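Below, each chain spelled out in residue letters.
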Amino acid sequence: MKVLIVEDEPGLANTIAAYLSADNYQCEIASTISDARNRIESFTYDCILLDLMLPDGNGLTLLSEIKDDARLDGVIIISAKGELEDKIKGLKLGADDYLSKPFHLPELAARIHSLIRRRQFANADILHFGELNINLNTRTILVAQNEVVLTPKEFDVLIYFIGNKNRVLSKNSLAERLSGDAIDVFDSYDFVYAHIKNLKKKLQDAGCPNYLKTLYGIGYKWQE
Ligand code: CA
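Definitions and limits used
- Residues numbered from 1 in each chain as written.
- Predicted model: local features only at pLDDT ≥ 70, side-chain atom pairs only at ≥ 80, totals over all residues.
- Heavy atoms only, no water.
- Buried < 20%, exposed > 50% of the residue type's maximum accessible area, 1.4 Å probe, protein only.
- Helix = DSSP H or I, 4+ residues; strand = E, 2+ residues; numbered from the N terminus.
- Arc of directions from axis to C-beta.
- Contact = heavy atoms within 4.5 Å.
- Polar contact = N/O pair within 3.5 Å; in protein donor to acceptor, adjacent residues only side chain to side chain.
- Axes fitted to C-alpha atoms, helices over the stretch in contact; angles between N-to-C directions.
- Parallel < 35°, antiparallel > 145°, perpendicular 65-115°, else oblique.
- Donors = N, O, S within 2.8 Å, 3.2 Å for Na, K, Ca; no water.
- Nonpolar A, V, L, I, M, F, W, Y, C, P; charged D, E, K, R; others polar.
- Core = buried A, V, L, I, M, F, W, Y, C linked by side-chain atoms within 4.5 Å.
- Expected span 1.5 Å × (residues − 1).
- Salt bridge = Lys/Arg side-chain N within 4 Å of Asp/Glu carboxyl O.

Student: Explain helix H3 (residues 59–68) to me, and be specific about the residues and the numbers.
Tutor: The set of residues buried in H3 consists of Gly 59, Leu 60, Leu 62, Leu 63 and Ile 66. Seen along its axis, H3 keeps its buried residues to an arc of 155 degrees; they face one direction. Where H3 is buried, its residues touch helix H2 (33–42), strand E3 (47–50), strand E4 (53–54), strand E5 (57–58), strand E6 (74–79) and helix H4 (84–93). If you check the start of H3, you find a side-chain oxygen 2.8 Å away from the backbone N of Leu 60, and it comes from Asn 58. After H3 finishes, the residue Ala 70 shows a positive phi value of roughly 55 degrees.

Student: Help me get a handle on the packing of helix H6 (residues 152–163) against helix H8 (residues 190–205), residues and values and all.
Tutor: For any two helices packed against each other, one specifies the crossing angle of their axes together with the interaxial distance. Contact geometry for H6 and H8: axes closest at 10 Å, N-to-C directions at 80 degrees. Taken together, the axis directions place H6 and H8 in an arrangement best described as roughly perpendicular. Contacts between H6 and H8 pair Lys 153, Glu 154, Val 157, Leu 158 and Phe 161 from the former with His 195, Ile 196, Asn 198, Leu 199, Lys 202 and Leu 203 from the latter.

Student: An account of the coordination of the calcium ion is needed here, citing residue identities and associated values.
Tutor: Each protein donor to the calcium ion is listed here as Asp 8 (OD), Asp 51 (OD) and Met 53 (O); together their distances run 2.2 to 2.4 Å. Mapped onto the sequence, the donors of the calcium ion take the spacing D-x42-D-x1-M. With Asp 8 in the loop between strand E1 (2–6) and helix H1 (10–21) and Asp 51 in the loop between E3 and E4, the pair connects residues that are 43 residues apart, well separated along the chain. The exposure class of Asp 51 is buried, given its relative accessible area of 4%.

Student: Please provide a residue-by-residue account of the packing of helix H7 (residues 171–179) against H8, values included.
Tutor: The N-to-C vectors of H7 and H8 enclose an angle of 85 degrees; their axes lie 9 Å apart at closest approach. Judged by the inter-axis angle, H7 sits roughly perpendicular to H8. Residues Lys 171, Leu 174, Ala 175, Leu 178 and Ser 179 of H7 pack against Phe 191, Val 192, Tyr 193, His 195 and Ile 196 of H8. Partitioning the contact of H7 with H8 into residue classes produces seven nonpolar, two polar and one charged.

Student: Residues and numbers for the nonpolar core, please.
Tutor: Among the nonpolar cores identified, the biggest contains 52 residues, and Ile 16, Leu 49 and Trp 222 are the most heavily contacted of them. Broken down by element, the residue count for this core peaks at seven residues, all from H6. Contacts of Ile 16, omitting those with residues within four sequence positions, involve Ile 5, Leu 49, Ile 78, Phe 103, Leu 105 and Leu 108. Ala 36, Phe 43, Ile 77 and Tyr 98 belong to the second-largest nonpolar core, a separate cluster that totals 20 residues.

Student: Outline H1, supporting the account with residue identities and numerical values.
Tutor: With twelve residues, H1 extends 16 Å between its outermost C-alpha atoms, agreeing within 8% with the 16 Å of an ideal straight helix rising 1.5 Å per residue. For H1, the full list of buried residues reads Leu 12, Ala 13, Ile 16, Ala 17 and Leu 20. Each buried residue of H1 lies within a common arc of 130 degrees when the element is viewed along its axis, so the set occupies one face. Residues of H1 that are exposed and point over 90 degrees away from its buried face: Pro 10 and Ala 18.

Student: Please provide a residue-by-residue account of the pattern of salt bridges, values included.
Tutor: One pass over the full model with this rule turns up twelve salt bridges. Glu 7 is the partner of Lys 101 in a salt bridge, and the nearest nitrogen-oxygen pair spans 2.8 Å. You can see Lys 101 sitting in the loop between strand E7 (97–100) and helix H5 (105–121) and its partner Glu 7 sitting in the loop between E1 and H1, a full 94 residues away along the chain. Across this residue pair, the class does not change: Lys 101 and Glu 7 are buried. One network of salt bridges, with partners in common, ties together Lys 2, Glu 28, Asp 35 and Arg 39.

Printed below as a string of structure tokens:
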């Protein structure tokens, strides 16, 4: 799961990133609206944490751009202003949630978790997909009664596929998700192929049919 932290206070941004990274989120930090805009134009985030008072303007400007472009990224406003007017403006513009500073990190993590769950999985802690039962809290996977043990990256890729079922995911978007880097050129996609091969093998060994289709030269699709 990928999170963009738009926050100009480096101490806070780094603290949030460290906390969420321990929870297996991949975090990127942007300290200005223009830096955030560049990243959002190139990548999709599961959640964008958006401060309002930024050096080059008000975060609400960026929020309205995101919504005008009908982007899928979820947005949680994190603001020190704490004023009712900003909260209402933000929610009217389409923010998914609003958290006033100062906040506790576990509260932030819970809001992000529930945002992602709400948007991608219609509120379930347990995902069912055919023979697969996936517990998002304990990160355990069962195929019938067989437990499938995945590495954290394989687990994230599986959730990414299921959250985007029947959509083509490019090699590049998978490479970006696996590496956690916001770079759009990779020397080689071998690491993507290796992770996907292992994921497929583990699922098949547990008795799961192959839902993961390879589209040669394009990418992959998780298909019902
Ligand atoms: Ca600020």
